[in-house]
Amino acid sequence: MAEEEKQEQVPAEGEQQQGGGKKKLILLVVLLLVLGGGGFAAYKFIFAKNQKVSQEKQAQKIIEEIKATENVGIMFDLGTFTVNLADKDIERYLRISIILELKNQKVQQEVEKRLPEIKDAIITLLLTKRSSDLKTPEGIEFLKEEIAKRVNAILPLGGVKNVYFTDFIIQTG
């Protein structure tokens, strides 16, 4: 009978050990969930701040663009240019009308003084272009930037804010 009691006690101890293992496992799972939840909350908190900052930057950029459009500069019509393009396979012509947006009256007076130089610089630039350069929106934007840079290089104080095309035709001859 004593042996039977010992044998009964041994499984009882094993059962207690399994119960203790189950408790440890449950405790470990709960701990992992708490840590995971805390990590997720911290992650969301940090990135929510970054999103708020980027939204504030976007709002500021929009406000600056609106202010820039409210402060329209002086429009100066350079006229219409007709040039041969640099295409080698076939003769192509470009007819383009250009308007410069200038910062102020002083820049306008300087443009009027240096008008032949400015027109020459623009014609020289246009003669180097191929029709393939000018058929994409990116190519047209790049041409506007190049014209603004060339004109600003001629003017002692710079002063060209934007370049606008009011006529833009590429024709095959």
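Residues numbered from 1 in each chain as written. Predicted model: local features only at pLDDT ≥ 70, side-chain atom pairs only at ≥ 80, totals over all residues. Heavy atoms only, no water.

## Side note on the packing of aromatic side chains
Working step 1: Counted according to the given criterion, the structure contains 1 aromatic pair.
Working step 2: Here the guanidinium or amino end of Lys144 rests over the ring plane of Phe165, the centre of that ring lying 5.5 Å away. (Phe/Tyr/Trp six-rings, centres within 6.5 Å; stacked < 30°, edge-to-face > 60°. Lys NZ or Arg CZ within 6 Å of the ring centre and 35° of its normal.)

## Focus on the packing of helix H2 (residues 105-113) against helix H3 (residues 115-127)
A pair of packed helices is characterised by two quantities: the angle between their axes and the separation of those axes.
Working step 1: Remark: H2 packs on H3, axes separated minimally by 5 Å, with the N-to-C direction vectors making an angle of 75 degrees. Classed by the angle they form, the pair H2 and H3 counts as roughly perpendicular. In contact with Val111, Glu112 and Lys113 of H2, H3 contributes Leu115, Pro116 and Ile118.
Working step 2: Per-class residue counts for the contact of H2 with H3 are 4 nonpolar, no polar and 2 charged. (Axes fitted to C-alpha atoms, helices over the stretch in contact; angles between N-to-C directions. Helix = DSSP H or I, 4+ residues; strand = E, 2+ residues; numbered from the N terminus. Parallel < 35°, antiparallel > 145°, perpendicular 65-115°, else oblique. Contact = heavy atoms within 4.5 Å. Nonpolar A, V, L, I, M, F, W, Y, C, P; charged D, E, K, R; others polar.)

## Looking at the pattern of salt bridges
Between side chains of opposite charge, a pair can form as their charged atoms come close.
Working step 1: Overall, the coordinates contain 9 salt bridges when judged by the stated rule.
Working step 2: Note that Arg92 is salt-bridged to Asp89, the shortest N-O span being 3.6 Å.
Working step 3: Residue classification places Asp89 among the exposed positions, given a relative accessible area of 65%.
Working step 4: Members of the salt-bridge network, linked through shared partners, are Asp87, Asp89 and Arg92. (Salt bridge = Lys/Arg side-chain N within 4 Å of Asp/Glu carboxyl O. Buried < 20%, exposed > 50% of the residue type's maximum accessible area, 1.4 Å probe, protein only.)

## Regarding the side chain of Glu101
Working step 1: Within the secondary structure, Glu101 sits in strand S2 (residues 92-102).
Working step 2: For Glu101, a relative accessible area of 3% translates into the label buried.
Working step 3: In terms of polar contacts, Glu101 uses its side chain to reach the side chain of Tyr164, at 2.7 Å.
Working step 4: With residues up to four places along the chain from it excluded, the contact list for Glu101 reads Asn71, Val72, Gly73, Ile74, Met75, Gly159, Val160, Lys161, Asn162 and Tyr164. (Polar contact = N/O pair within 3.5 Å; in protein donor to acceptor, adjacent residues only side chain to side chain.)

## Topic: the sheet that holds strand S3 (residues 160-172)
Working step 1: Taken together, the 3 strands give an open sheet; going across it, the order is S1-S2-S3, and neighbouring strands pair in antiparallel fashion. The sheet is open, and its two edges are formed by strand S1 (74-84) and S3, each paired on a single side. Across the sheet, the axes of successive neighbouring strands diverge by a mean angle of 15 degrees, strand direction being ignored.
Working step 2: By the bridge criterion, 10 bridges tie S1 to S2 in an arrangement that is antiparallel. Counted as the bridge partner of Thr80 is Ser97 from S2.
Working step 3: Lying over the sheet, H3 contacts S1 and S2, oriented at roughly 45 degrees with respect to S1.
Working step 4: Running at roughly 125 degrees to S3, helix H5 (residues 137-154) makes contact with S2 and S3 of the sheet. (Pairing = 2+ DSSP bridges.)

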